[in-house]
Amino acid sequence: VQLVESGGGLVQAVGSLRLSCAVSGRTSSNLHTGWFRQAPGKERQFVAFISWGGRVTYYADSVKGRFTISRDNAKITVSLQMNSLKPEDTAVYYCAAVDRSRGYTVRASDYDYWGQGTQVTVSS
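Every residue gets a number counted from 1 within its own chain, in the order that chain's sequence is written. Side-chain atom pairs in this predicted model are given and counted only at pLDDT of 80 or more, local residue features only at pLDDT of at least 70, and totals for whole chains, interfaces and linings cover all residues. Note that water and hydrogens are dropped before the side-chain values are worked out from all heavy atoms of the structure.

### Re the packing of aromatic side chains
- Put simply, two rings from Phe, Tyr or Trp (the six-membered ring, in Trp's case) pair if the centres are within 6.5 Å, and we call them stacked under 30 degrees between planes, edge-to-face over 60, tilted for the rest. Summed over the entire model, instances satisfying the criterion amount to eight aromatic pairs.
- Ring geometry for Phe36 against Trp114: centres 5.1 Å apart, planes inclined by 50°, an arrangement best described as tilted. Residue Phe36 is located in strand 4 (residues 31-38), and its partner Trp114 is located in strand 10 (residues 113-114); the two are separated by 78 residues in the primary sequence.
- Overall, the relative accessible area of 1% leaves Phe36 in the buried class.
- For Trp114, a relative accessible area of 27% translates into the label partly exposed.
- With 5.4 Å between their ring centres and 25° between their planes, Phe49 and Tyr58 make a pair best called stacked.
- Only protein chains enter the accessibility calculation, which uses a 1.4 Å probe; a residue is then buried when its area is under 20% of its type maximum, exposed when over 50%, and partly exposed in between. Overall, the relative accessible area of 35% leaves Tyr58 in the partly exposed class.
- Following the ring pairs from residue to residue traces out a cluster consisting of Phe36, Phe46, Tyr94, Tyr111 and Trp114.
- Any Lys NZ or Arg CZ found within 6 Å of a ring centre and within 35 degrees of that ring's normal is scored as a charge over the ring. Positioned above the aromatic ring of Trp114 is the side chain of Arg44, whose terminal nitrogen or guanidinium carbon lies 4.7 Å from the ring centre.
- Over the face of the ring belonging to Trp52 we find Arg100, whose NZ or CZ atom lies 4.0 Å from the ring centre. Going along the chain from the N terminus, every DSSP run of H or I of four or more residues is numbered as a helix, and every run of E of two or more is numbered as a strand.

All we've got here are geometric facts, nothing functional implied.
Spelled out as structure tokens, the structure:
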């Protein structure tokens, strides 16, 4: 399974960005998908989760109401729409996938497949 993120960049506070994750090598219909982020000097943290069928979503409290995760199984992509961005959202954002047999999880250590990451920088 390969995951490739795109859509990162530099944006001003209160602006928006849309990240995409293209999944290849295996159908995403059997994979739950999550977004994580890691800021310099900090541990990788959970951002958002979407189940293989797209019906279940979870969000970190820090992004709830501002970020929206979605998936298109026809195109095998998972997106993260980020609105009302804040400087504290600055981080490298990673897309990750886990077989649905693992259940719904927000722990980075449970995920088997990771993308290379995309930088998001929010200026004040």
